[in-house]
Amino acid sequence: MNNKRMIALLVAAFTLAVPGAAVLAQTAPASQAATNRIENLEVSQQGGQVHLKLTLKDPLAAPPASFSVANPARIAFDFPGTTNGLGRSVQAIEQGELRSANIVQSGDRTRLVLNVTRVMPFESRIEGRDVIISLGSAATAGATTTQVSQAMANFAAPTRDAAAADGSSIRDINFRRGKDGEGRVVVQLANPDAGIDIRQQGGNLVVEFLKTSLPEHLRRRSDVTDFATPVTSMTAQQQGDNVRLVVTPNGKWEHNAYQSDNQFVLEVRRVVEDPNKLVQGASRGQYKGEKLSLNFQNIDVRSVLQVIADFTNFNIITSDSVQGNLTLRLKDVPWDQALDIILQAKGLDMRKSGNVIWIAPGEELATREKLQLEAKAQIGDLEPLQTESFQINYHKSKEIFDFLKSKDQTMLSKRGSVVVDERSNRLFITDVGSRLAALANLIKEIDIPPRQVMIEARVVEANKDFARDLGVRLGYGDRRVRSLGGGARLGAGSAEFGSVNPATGAIDTSGNAAINTIIHRVGEDVVSGNGFLPNNPFGSLNLTLFNKSLTRFLNLELAALETDGRGRVVSSPRILTANQVEATIKQGQEIPYVTPSSGTEPPTVSFKDAVLMLKVRPQITPDGRVQLKVEVSKDRADFSRSILGNPPIDKKSVTTEVMVENGGTVVIGGVFEEEETTNVDRVPLLGEIPYLGALFRSTNTQSSRRELLVFLTPRIVSDALTLK
């Protein structure tokens, strides 16, 4: 066999097994069982037309559903309930505009994909058990089933009413985020046989639904940036009798589309590049290259590698030690998997650099790399030393010096040394040139201005006090002079209880006060006769009944007092500090404490802080949030409860570690206190009498509530922002 025939066989041996991602795969099971079968495929050319005749086991009730793709140009026909009985999935044709045909079976459904050179009209008809497909300009418009690409559809300009008459419409368009972060555009179709054309236009994905109508409420642009997928927006609009859906991704991405009954799904996922991989992408499976088929008998390994190089457009360099033949039969496998199989079969390995692949035996590659590393090590031992100074701007040079001098560091070579000058904050490093360059990059990375955080704390202390005093006091006094016999007489005030003199708190028996009528009204001063009555407490009412000679008194005093107090103390300390640097701010007073001493020694004096303190250490996370290790305390001296002249200190503090959004506010602690007391003053026995005992007792009720809340608000400040 000569070389030309060998190359011709190689080129004809491998073909694409499945069309690209633009051709949709019908994954849903068909409604009927796979009872039919494609038995034969014939191709003929007449004039400007190409005719395909597919012979089936049983005649079809209707022409197969079809659609076209503009880029790359393909025409697809679906045969539900049909299997592929041809014994092959790829057939090269090369007649007219038709290059090849792919017959792919998925479950009980078979799809025929025609690979053409350009978009063209086509028609299909049924003649008994045969399905006749005609491609070319002579295809009639009155055919049973005709699908035209978007360019032909715009040229023909059919009306929207025609699309509506066919019953093809879009019911709904939704967007979802997949579990791996991919964006999923889900379109609900009224007719599963609607033609779909997917193509990449610039940086966008354009999906055309042929002869389909779009309801008015779905004609909109949707911003889906918040879903955190590669897709930023999608726009659905009606164009003629077609519906165009434009999906706008960002960055590097790849897409996959499939249809299940009436649901069409377009997935767009992020591509993470790995320079060591042959094919970039995040598709399912380990191998991601385009599929091919290879069938060789006793062929030279170099020739197979040349075929793969021509197919992938990679530059493959083969070592002289790559020899031998192999027999290979691969069907519908990714090309990178085929290459891996060939290398494993012959004990070869590869190294990839850009679009160049170097192939050689594994031992040869390992030996060469070992020699290269040893040569670099020898060069490092012989390379002359250089000295370079580094100005440290934002760090302390001593800290970097300690790091480089530590025994665990690997930045300096075994011949390198470092000297620090703390006065000028400089480092002087002596090492080989390659290590100096690496150290320069390291210092450039770490010697950057530190980010700053301003933390504002609000300490809110609220209190509410309430007191109620309600009671009745009844008094009686008798100032008459009585004879006791034998010349003895009983003086004034011989009988009295409970009476209260407004001036002295006891019954007035002196007779100096000429009181005609005494009525103490709430909150008023009363002047009557020659005497003056001072102010009564607010909320008290006194009524005194007396006889004409002012010798007997009946005094009734009603007391009703209620107080209500509210207070709020807000402290707002603010502090500005660098990232990961602890800062403290205090405000308050020092309380002296006197400790008595024994003997002749003088007493000692010590001081204790009663301050409001904020101690915080912020750390800015890579996603822009702030992690705070914070301690807030509010101490107050209570002089109303002094012990030996030394007041106790009420302490309230919170120590915690929280994560807060930049500019967000978090409540890190709260203390709630409630105290309620009730005191009853009464006359023994009389005050316990039901109902009537209310005249002989008074009730005092007091309640207090105190609450402490601590709020924190961190803000990452820019270089130009300062604390005011």
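Up top you'll find the structure we're talking about.
Before going into details, it helps to say that this report is about the structure given with it.

Rules and cut-offs
- Residues numbered from 1 in each chain as written.
- Predicted model: local features only at pLDDT ≥ 70, side-chain atom pairs only at ≥ 80, totals over all residues.
- Heavy atoms only, no water.
- Helix = DSSP H or I, 4+ residues; strand = E, 2+ residues; numbered from the N terminus.
- Buried < 20%, exposed > 50% of the residue type's maximum accessible area, 1.4 Å probe, protein only.
- Contact = heavy atoms within 4.5 Å.
- Areas by Shrake-Rupley, 256 points an atom, 1.4 Å probe, with all protein chains shown as cover.
- Expected span 1.5 Å × (residues − 1).
- Arc of directions from axis to C-beta.
- Pairing = 2+ DSSP bridges.
- Axes fitted to C-alpha atoms, helices over the stretch in contact; angles between N-to-C directions.
- Phe/Tyr/Trp six-rings, centres within 6.5 Å; stacked < 30°, edge-to-face > 60°.
- Lys NZ or Arg CZ within 6 Å of the ring centre and 35° of its normal.
- 1 Å grid on protein atoms, 1.4 Å probe; cavity = no way out; pocket = protein on both sides within 12 Å on 5 of 7 lines; lining within 4 Å.
- Points joined across faces, edges and corners; volume = space filled by probe spheres on them.
- Salt bridge = Lys/Arg side-chain N within 4 Å of Asp/Glu carboxyl O.

### A look at the overall build of the chain
Here comes step 1: From N to C terminus, the chain includes eight helices and 44 strands.
Here comes step 2: Here the chain holds 724 residues, and 37% of them are scored as buried.
Here comes step 3: Once local pairs closer than 6 in sequence are excluded, the contacts in the chain between residues at least 24 apart make up 62%.
Here comes step 4: With an accessible surface of roughly 41000 Å², the chain has 50% of that area assigned to carbon and sulfur atoms.

### Examining helix 8 (residues 433-446)
Here comes step 1: With 14 residues, helix 8 should reach 20 Å at 1.5 Å per residue; the first-to-last C-alpha distance of 20 Å fits that figure.
Here comes step 2: Within helix 8 the residues assigned to the buried category are Leu436, Leu439 and Ile443. What you see down the axis of helix 8 is that its buried residues fit within an arc of 60 degrees, all on one side. Exposed side chains of helix 8 directed beyond 90 degrees from the buried face belong to Asn441, Lys444 and Glu445.

### A closer look at helix 4 (residues 301-312)
Here comes step 1: Here helix 4 contains twelve residues, and its C-alpha end-to-end distance of 17 Å stays within 8% of the 16 Å for a straight helix at 1.5 Å per residue.
Here comes step 2: Residues of helix 4 that are buried: Val301, Val304, Leu305, Val307, Ile308, Ala309 and Thr312.
Here comes step 3: Residue asparagine 313 follows helix 4 closely and has a positive phi angle near 65 degrees.

### Remarks on the sheet that holds strand 28 (residues 426-431)
Strands belonging to one sheet form pairs held by backbone hydrogen bonds; the direction of such a pair is parallel or antiparallel.
Here comes step 1: Read across the sheet, three strands follow the order 26-28-27 without closing on themselves; strand pairing throughout is antiparallel. Of all strands in the sheet, those bounded by a partner on one side alone are strand 26 (386-391) and strand 27 (417-421). For this sheet the average axis-to-axis angle between neighbouring strands, irrespective of direction, equals 20 degrees.
Here comes step 2: Where strand 26 lies against strand 28, six bridges are found, and the strand directions are antiparallel. Among the inter-strand pairings, glutamate 388 is bridged to a residue of strand 28, identified as isoleucine 429.
Here comes step 3: Helix-sheet contacts for helix 7 (residues 397-405) involve strand 27 and strand 28, and the interaxial angle to strand 27 is about 160 degrees.

### Focus: the sheet that holds strand 40 (residues 604-620)
Here comes step 1: Spatially, four strands are ordered 39-40-41-42 in an open sheet, and the strand pairing comes out antiparallel. Pairing within the sheet leaves two strands with one partner each, and these edge strands are strand 39 (583-595) and strand 42 (649-660). Looking at each pair of strands side by side, their axes are set apart by 15 degrees on average, direction ignored.
Here comes step 2: Of the pairings in the sheet, the one linking strand 39 to strand 40 comprises 13 bridges and is antiparallel in character. In the sheet register, glutamine 587 faces strand 40, and the bridge partner there is leucine 612.

### Description of the packing of aromatic side chains
Here comes step 1: In total, this model carries four aromatic pairs according to the counting rule given.
Here comes step 2: Their ring planes at 80 degrees and their centres at 5.6 Å tell us that phenylalanine 77 and phenylalanine 122 sit as a pair that is edge-to-face. Here phenylalanine 77, found in strand 5 (residues 74-80), pairs with phenylalanine 122, found in strand 10 (residues 122-127); they are 45 residues apart in sequence, far enough to count as distant.
Here comes step 3: Judged by its relative accessible area of 0%, phenylalanine 77 is buried.
Here comes step 4: Overall, the relative accessible area of 0% leaves phenylalanine 122 in the buried class.
Here comes step 5: Relative to phenylalanine 264, the ring of phenylalanine 209 lies with its centre 5.6 Å away and its plane at 90 degrees, an arrangement referred to as edge-to-face. Within this pair, whereas phenylalanine 209 is found in strand 15 (residues 204-210), its partner phenylalanine 264 is found in strand 20 (residues 263-270), the two being separated by 55 residues in sequence.
Here comes step 6: For the cation-ring pair, lysine 608 lies above tyrosine 593, with the distance from its terminal atom to the ring centre recorded as 5.0 Å.

### Some words on empty space enclosed by the protein
Here comes step 1: For the coordinates displayed, the defined rule picks out four cavities of 30 Å³ or more.
Here comes step 2: Of the pockets and cavities examined, the largest cavity occupies roughly 50 Å³.
Here comes step 3: Together, Ile173, Leu218, Arg220, Ser222, Met234, Thr235, Ala236 and Leu245 line the largest cavity.
Here comes step 4: Broken down by element, the residue count for the lining of the largest cavity peaks at three residues, all from strand 17 (residues 231-239).

### Describing the pattern of salt bridges
Here comes step 1: For the structure shown, the criterion picks out 24 salt bridges.
Here comes step 2: A salt bridge links glutamate 267 to arginine 269, with the shortest nitrogen-to-oxygen separation between them at 3.3 Å. There is no split in this pair, since glutamate 267 and arginine 269 are both buried.
Here comes step 3: Where arginine 715 meets glutamate 456, a salt bridge forms, and the shortest distance between an N and an O atom there is 3.7 Å. Of this pair, arginine 715 sits in strand 44 (residues 697-717) while glutamate 456 sits in strand 29 (residues 452-478); the two residues are 259 residues apart in sequence, bridging distant segments of the chain.

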